[in-house]
Amino acid sequence: CSSDLFVLLAVWLSVAAVQAFSSGYGPEKVVQHSGYIRVNETDDTNLFFWFFESRNAPATDPVILWLTGGPGCSSILALLSENGPYRMKPNSTDLIINPYSWNEKANVLYVDQPVGTGFSYSNTSKDYAHNEKKIAEDMYNFLKEFLQAFPKYANLKFAVTGESYAGHYIPALSARIVAGNAAGQGPKINFAGAAIGNGWTDPKIQYGAYITYAKDNQLISNTLAEELAPVYDACKLAIDSHVFIVALDVCQAGILEVIMEDIHLHRGAPMNPYNIHANCTYPPLCYDFQSQDTLLNTPEVQKALGVTKKWASCNMEVHTFLLGDWITNMDANVVSVLDSDIQVMVYSGDYDFICNWEGGADWVFATPWKSQKEFVAAPIEQWKVNGELAGWTKQYENFKFVRVHKAGHMVPLDQPANALAMINEFLSSL
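Asks: Would you take a moment to explain the overall build of the protein for this structure?
Replies: Helices and strands together make up the secondary structure of the protein, namely 15 helices and 13 strands. A compact globule built from 430 residues should have a C-alpha radius of gyration of about 22 Å, and the protein, at 21 Å, falls within 12% of that. Along the longest, intermediate and shortest principal axes, the C-alpha atoms of the protein span 60 × 50 × 50 Å. Residues counted as buried form 59% of the 430 residues belonging to the protein. A fraction of 70% describes how many contacts in the protein between residues 6 or more apart in sequence connect residues 24 or more apart. Element-wise, carbon and sulfur atoms account for 53% of the exposed surface of the protein, whose accessible area totals about 17100 Å².

This is the structure in structure tokens:
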């Protein structure tokens, strides 16, 4: 590791004290905080965070929370690979400045959650989450503790963002914040918006979109699509039965795995489900995160961050504990947020298969909020960045859907400039 790295990471929060530091590394000179917050007194849930002040106006710019999905994958993956202030130098553990970081006009908070993910820990897996109720409650408590520890950010506008399985996390947490604010539970969170990227939100709708998206993109034949139609009917019936583990087996094995195996057979190589135009070179995540693994498990880096736990990109034990949560529909939570006049943006990269834009659009259009009829009737418009086509949008009042052109599952990775423009447009609406 270079000596500059220690400057970058030399700040952490402990139970006893908070140490703040302004980085002097290259052009990135912002205050950072990192460390742990224990979220309740009834168990040993300790959530790790890494916070970066805005490069623009930290005293007035909003605070945005980023949550990576999985479930069980670390938010530091996004920090170092997608929208954080740093990227990994190719074939190296050195950090370089990301000019498209989302802290260009926002204070950004990355949290490893649920407990067990990334650097977050409990001394017993009994504290691991089985459902969104615990996940939302832990994160709600985390936010209240964080804002009390750092009161300078408490009155700023606040938004929740994330991708993939965060399509579950974000609606659950957002609805919990709305309810907590309404009930006057502790200090009020100045909640203004939620942005879900390529989210897994309404499985009953999105399992069917695997078939239509694969057919529309000529990944499978019309014959296979017709053969899968009755399987999807069985999938919907299983979901409606609320026997979620059975439903997961019927839908996952009967639809998703069949499609992926058929594509593999005809391609002669496994497709990257996060970008249909690439093969899965580094299974199971399909991307090479070895540099991140090496960096974050370096003793000096762990000391600087105030952690002692071995970091892994994804924790399969956390993932397994949430298998019963996989099929749950988060639509009602989205409705409660929309009907509270909170800004909600759903965006989907159109090269993604696993949480594809057709399924995203379908569940968004089906969301039964107070202005659903007007939203569905709203026109689809071209979205341009610097005069170039970046995608398509549909919006009515506080609900917006964005199809991001030429982006996969991780939009800020594939289209960093357009992703930054998108989030800045969203923040300007808060």
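Asks: What should I look at first to understand the packing of aromatic side chains in this one?
Replies: What characterises a pair of aromatic rings is the spacing of the ring centres plus the angle enclosed by the ring planes. For the coordinates displayed, the defined rule picks out 32 aromatic pairs. With centroids separated by 6.3 Å and ring planes inclined at 50 degrees, the aromatic side chains of Trp-200 and Trp-326 adopt a geometry described as tilted. Highlighted residues: Trp-200 in the loop between strand E9 (191-197) and helix H5 (203-216) and Trp-326 in the loop between helix H10 (316-321) and helix H11 (331-338), separated in sequence by 126 residues. A relative accessible area of 13% places Trp-326 in the buried class. Members of the aromatic cluster, joined through ring pairs, are Tyr-165, Tyr-169, Trp-200, Tyr-207, Tyr-210, Tyr-213, Trp-326 and Phe-353. In this structure, Lys-394 packs its charged tip against the face of Phe-365, placed 5.3 Å from the ring centre. Here the basic side chain of Lys-394 rests over the ring of Phe-375, its NZ or CZ set 5.9 Å away from the ring centre.

Asks: Any chance you could explain the state of the cysteines here in plain terms?
Replies: Disulfides are covalent bonds that link the sulfur atoms of two cysteine residues. Applying the stated criterion to the full structure yields three disulfides. Each sulfur in the disulfide pair Cys-73 and Cys-314 lies 2.0 Å from the other. As the torsion about the S-S bond is roughly 105 degrees, the Cys-73-Cys-314 disulfide counts as right-handed. Of the two residues, Cys-73 sits in the loop between strand E4 (63-67) and helix H2 (76-81) while Cys-314 sits in the loop between helix H9 (299-305) and H10, which places them 241 residues apart along the sequence. Residue Cys-73 is classed as buried on the basis of its relative accessible area, which comes to 11%.

Asks: Just to check I follow, could you spell out the environment of Ala-154 for this structure?
Replies: Counting through the fold element by element, Ala-154 comes out in the loop between helix H3 (132-149) and strand E8 (158-163). Between the C-alpha atoms of Ala-154 and Val-411, which are 257 residues apart in sequence, the distance is 29 Å. Those residues within four positions of Ala-154 in sequence are excluded, and the remaining contacts are Leu-147 and Asn-190.

Asks: Explanation requested: the packing of H3 against helix H4 (residues 166-183) in the structure shown.
Replies: Geometry of a packed helix pair, given as the angle between the helix axes and the separation of the axes. With their axes 9 Å apart at the nearest point, H3 and H4 run at an angle of 60 degrees to one another. Taken together, the axes of H3 and H4 lie oblique to each other. In the packing of H3 onto H4, the handedness of the crossing is right-handed. The segment H3 lies against H4, with Glu-132, Ile-135, Ala-136, Glu-137, Met-139, Tyr-140 and Leu-143 engaging His-168, Tyr-169, Ala-172, Leu-173, Arg-176, Ile-177, Gly-180 and Asn-181. Taken together, the residues of the contact of H3 with H4 sort by class into nine nonpolar, three polar and three charged.

Asks: Would you mind going over H4 with me for this structure?
Replies: Turn by turn, an α-helix covers 3.6 residues, leaving residues three or four places apart pointing in a common direction. The end-to-end C-alpha distance of H4, which contains 18 residues, comes to 25 Å, matching closely the 26 Å that a straight helix rising 1.5 Å per residue would cover. With 14 of 18 residues buried, H4 lies mostly within the body of the structure.

Asks: Where do I start with the nonpolar core in this structure?
Replies: Nonpolar side chains in soluble globular proteins generally cluster together in the buried interior. Judged by nonpolar contacts, the single largest core of 86 residues is most densely connected at Leu-65, Phe-142, Phe-146, Phe-191, Tyr-207, Ile-259 and Phe-353. Counting residues in hydrophobic clusters, the runner-up holds 49 residues, among them Ala-106, Ala-192, Met-345 and Ala-407.

Asks: So what exactly am I meant to see when it comes to the pattern of salt bridges here?
Replies: Opposite charge on two side chains makes pairing possible when the charged atoms of those side chains draw close. All told, the structure shown has 11 salt bridges when counted by the stated rule. Asp-43 is the salt-bridge partner of Lys-134, the closest N and O atoms lying 3.1 Å from each other. Here the residue Lys-134 occupies a position in helix H3, and Asp-43 occupies one in the loop between strand E2 (31-38) and strand E3 (46-52), the gap between them amounting to 91 residues. Among the residues examined, Asp-43 registers a relative accessible area of 14% and is labelled buried.

Asks: Just to check I follow, could you spell out the pairing of strand E10 (residues 343-349) for this structure?
Replies: Judged by how many residues are buried, E10 sits mostly within the fold: seven of seven residues are covered. The pairing of E9 with E10 spans five bridges and is parallel. The partner of Gly-197 across the bridge, within E10, is Tyr-347. The pairing of E10 with strand E13 (residues 399-404) spans six bridges and is parallel. Residue pairing for E13: Val-344 is matched across the bridge by Phe-399.

Asks: Would you explain the packing of H4 against H11 in this entry?
Replies: Running from N to C, H4 and H11 cross one another at 45 degrees; their axes reach a closest spacing of 8 Å. Classified by the interaxial angle, the pair formed by H4 and H11 is oblique. In this structure, H4 crosses over H11, and the sense of that crossing is left-handed. In this structure, H4 uses Pro-171, Ala-172, Ser-174, Ala-175 and Val-178 to contact H11, whose residues at the interface are Asn-333, Val-334, Ser-336 and Val-337. Residues belonging to the contact of H4 with H11 are distributed by class as follows: six nonpolar, three polar and no charged.

Conventions we followed
Residues numbered from 1 in each chain as written. Predicted model: local features only at pLDDT ≥ 70, side-chain atom pairs only at ≥ 80, totals over all residues. Heavy atoms only, no water. Helix = DSSP H or I, 4+ residues; strand = E, 2+ residues; numbered from the N terminus. Rg over C-alpha atoms; globule rule 2.2 N^0.38 Å. Buried < 20%, exposed > 50% of the residue type's maximum accessible area, 1.4 Å probe, protein only. Contact = heavy atoms within 4.5 Å. Areas by Shrake-Rupley, 256 points an atom, 1.4 Å probe, with all protein chains shown as cover. Phe/Tyr/Trp six-rings, centres within 6.5 Å; stacked < 30°, edge-to-face > 60°. Lys NZ or Arg CZ within 6 Å of the ring centre and 35° of its normal. Disulfide = S-S within 2.5 Å. Axes fitted to C-alpha atoms, helices over the stretch in contact; angles between N-to-C directions. Parallel < 35°, antiparallel > 145°, perpendicular 65-115°, else oblique. Left-handed = near helix turned anticlockwise from the far one by under 90°. Nonpolar A, V, L, I, M, F, W, Y, C, P; charged D, E, K, R; others polar. Expected span 1.5 Å × (residues − 1). Core = buried A, V, L, I, M, F, W, Y, C linked by side-chain atoms within 4.5 Å. Salt bridge = Lys/Arg side-chain N within 4 Å of Asp/Glu carboxyl O. Pairing = 2+ DSSP bridges.

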